[in-house]
Amino acid sequence: MRRDYDGGTIGDMLREIGNIGCGNALNALSSLTDESYEIKIPEIELIDCAEVFTRLDGIEQMYVSIVINMMGDINGKYVLLLNPPLACSLIKALGLGDAGDISDIPAESKSAILEVGNISCGSCITAVSTFTGMDMNVTIPSSAVDMLGSVLSQPILQFAESDPDILYIRCDFSMASDPAKSGIMLVLPEMASVDRLIERFGAFLK
Amino acid sequence: MTQFIKVNVAEQRVTERPNVIQCSAIGACVAVCLADKELGLIGVSRVMLPNRADPVPVEAPAKYAHTAVSRLLDDMIASGAEKSRVVAKLVGGATLYPEDELNLNSSIGQRNLSAVCTELSKLGIPMISCDIGGDYGRSISINPDTFAITVKTLTRGETVI
């Protein structure tokens, strides 16, 4: 039988870890850009991989994605999705001027975007790793600019190859001064890693 | 009245004229489109993964290439299609992050494409046209009368295959 990942004490624990990770990732973004962000309560649910695509609105809207693989005691993926206004303003905040057409961004702006992903993911996993005492590393980030559904396709399908289910941890956020600048953060741990985490915390959960 | 039928990831639908089938934001998935043009009958299976070793649960035949294509053909035939008239078009199988799969010989999109092509040739269905690969997403809309597929992209405009 499947564990009750999204309810009960295990759900609360995972939600708290999600909160800590997402909160720290956004703090990092915030200090990078000198802007504060409104953050929604993270959603956490165990779903079928194919369902990820039906849960997002505006699947054909353009998004800038940054995908990072997490490795170590916790394996999985970190995906940061930025809408074009937010991506442009992050590039500007990093001193690279107007990005103009985000679908055709110059190399230095693209590396700035990758760096944004790196910094936010780094803060997220540092916080989670400190809190849980688990070792975590990350790979170099990769990025794409396309329809929301398309930029998510490859990472989600890679995931689905090893496990049809996914623990979907999602946190929506937007710039406090301009809510039209928004993004989505997805933290997608492999189920085996989640089980390892639960075992480690098992003693406290009983 | 024309209905616009949306097919999501790992789903399959068969319909006839005047209904139009649409798939939004295809990335590494492959939309396998079949038609019996004489009847104006079209079907789409939005394949998510190449194959799976253990048996595929009956409720998800469209998810894996090795069950999706034959199931779609069966459903076309059950709706009246003549197997000898059925032709295929493929869309999708893109690789948006090439650097992410350097350790493998081919990306998930390419593996999906080759699995689907193997199934089509096993079943003897000719593939008459395709818009596949590349590093960009696609949305499609299929005309049931002509089997013309309009492929829309964000950065590369629109084509008809």
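Note: the structure precedes this text.
Notes on the structure in this doc start here. Numbers given to residues run from 1 along each chain, matching the order in which its sequence is written. Think of it this way: whatever chain is written first is A, whatever ligand is written first is 1, and the rest follow in order. For this predicted model, a pLDDT threshold of at least 70 governs which residues receive local features, and a threshold of 80 or more governs which side-chain atom pairs are given and counted, while totals over whole chains, interfaces and linings are taken from all residues. With hydrogens and water excluded, all non-hydrogen atoms of the structure serve as input to the side-chain values.

**Here's the deal with the overall build of chain A**
- Helix and strand assignments come from DSSP, with helices taken as H or I runs of at least 4 residues and strands as E runs of at least 2, each series counted from the N terminus. A tally of regular secondary structure across chain A gives five helices and eight strands.
- Sequence-ordered secondary structure for chain A, helices as α and strands as β, is α-β-β-β-β-α-α-β-β-α-β-β-α.
- Burial classification: accessible surface area is computed with a 1.4 Å probe over protein chains only, and a residue below 20% of its type maximum counts as buried, one above 50% as exposed, and the rest as partly exposed. Every one of the 206 residues in chain A was classed for burial, and the buried ones make up 54%.
- We call two residues in contact when some of their heavy atoms are within 4.5 Å. Counted over contacts in chain A with a minimum sequence separation of 6, partners at least 24 positions apart contribute 74%.
- Put simply, chain A shows about 8400 Å² of open surface, and 49% of that area lies on carbon and sulfur atoms. In short, Shrake-Rupley with a 1.4 Å probe defines the accessible areas, and a residue's cover is counted only from the protein chains shown.

**Quick look at the interface of chain A and chain B**
- Between chain A and chain B, the contact holds 29 residues from the first and 33 residues from the second.
- Both faces combined, the contact of chain A with chain B buries some 2300 Å², and carbon together with sulfur accounts for 60% of it.
- A quick way to say it: buried area is the sum, across both parts, of accessible area lost when two parts are put together, with a 1.4 Å probe. On the chain A side of the interface with chain B, the three residues burying the most area are Gln154, Leu157 and Glu161 of chain A, jointly 26% of the side's total.
- For this document, the term salt bridge refers to a Lys or Arg side-chain nitrogen within 4 Å of an Asp or Glu carboxyl oxygen. Our count for the chain A to chain B interface comes out at two salt bridges.
- With a shortest N-O distance of 2.8 Å, glutamate 161 of chain A and arginine 111 of chain B are connected by a salt bridge.
- Of all the secondary-structure elements, those providing two or more residues to the side of chain A that touches chain B are β3 (62-72), β6 (142-147) and α4 (148-162) of chain A.
- For the side of chain A that touches chain B, the leading source of residues is α4 of chain A, giving ten residues.
- Any residue that is not Ala, Val, Leu, Ile, Met, Phe, Trp, Tyr, Cys, Pro, Asp, Glu, Lys or Arg is counted as polar, Gly included; the first ten are nonpolar and the last four charged. In the side of chain A that touches chain B, the residues fall into 13 nonpolar, eleven polar and five charged.

**What to know about the environment of threonine 67 of chain B**
All names here are of chain B.
- Tracing the sequence through the fold places threonine 67 in helix α1 (residues 65-78).
- Threonine 67 sits in the partly exposed class, given a relative accessible area of 23%.
- As a C-alpha pair, threonine 67 and proline 50 span 17 residues in sequence and 9.6 Å in three-dimensional space.

**Re the side chain of serine 89 of chain A**
- One can find serine 89 of chain A in helix α2 (residues 84-93).
- Its relative accessible area of 15% is what places serine 89 of chain A among the buried residues.

**As for the pairing of strand β5 (residues 41-47) of chain B**
All names here are of chain B.
- Judged by how many residues are buried, β5 sits mostly within the fold: seven of seven residues are covered.
- In this description, strands pair whenever DSSP reports at least two bridges between them. Bridge count for strand β2 (residues 12-16) against β5 is five bridges, and the pairing is antiparallel. Across the sheet, the residue bridging to valine 14 is glycine 43, located in β5.
- Note: strand β4 (residues 30-36) against β5, seven bridges, orientation antiparallel. When the bridges of β5 are listed, valine 32 appears paired with serine 45.
- Counting the residues in the hairpin turn of β4 and β5 gives four residues, including glycine 40, whose phi is positive at 70 degrees.

**A few points about the packing of α4 of chain A against helix α2 (residues 108-123) of chain B**
- Axis definition: a line fitted to C-alpha atoms, over the contacting stretch in the case of helices. Angles run 0 to 180 degrees between N-to-C directions. In contact at an axis separation of 10 Å, α4 of chain A and α2 of chain B are set at 65 degrees when each is read in the N-to-C sense. With respect to their mutual orientation, α4 of chain A and α2 of chain B come out roughly perpendicular. Counted together, Gln154, Leu157, Gln158 and Glu161 of chain A of α4 of chain A and Ile108, Arg111 and Asn112 of chain B of α2 of chain B form the full contact between these two elements.
- Of the residues assigned to the contact of α4 of chain A with α2 of chain B, the class counts are two nonpolar, three polar and two charged. Orientation categories follow fixed angle ranges, with anything under 35 degrees roughly parallel, anything over 145 roughly antiparallel, 65 to 115 roughly perpendicular, and all other angles oblique.

**Let's talk about the pattern of salt bridges**
All names here are of chain B.
- Across all of its chains, the model carries 13 salt bridges over all chains by this definition.
- Lysine 122 serves as the salt-bridge partner of glutamate 119, at 3.2 Å between the closest nitrogen and oxygen. Placement of both glutamate 119 and lysine 122 in helix α2 is noted, with a separation of three residues, approximately one turn of the helix.

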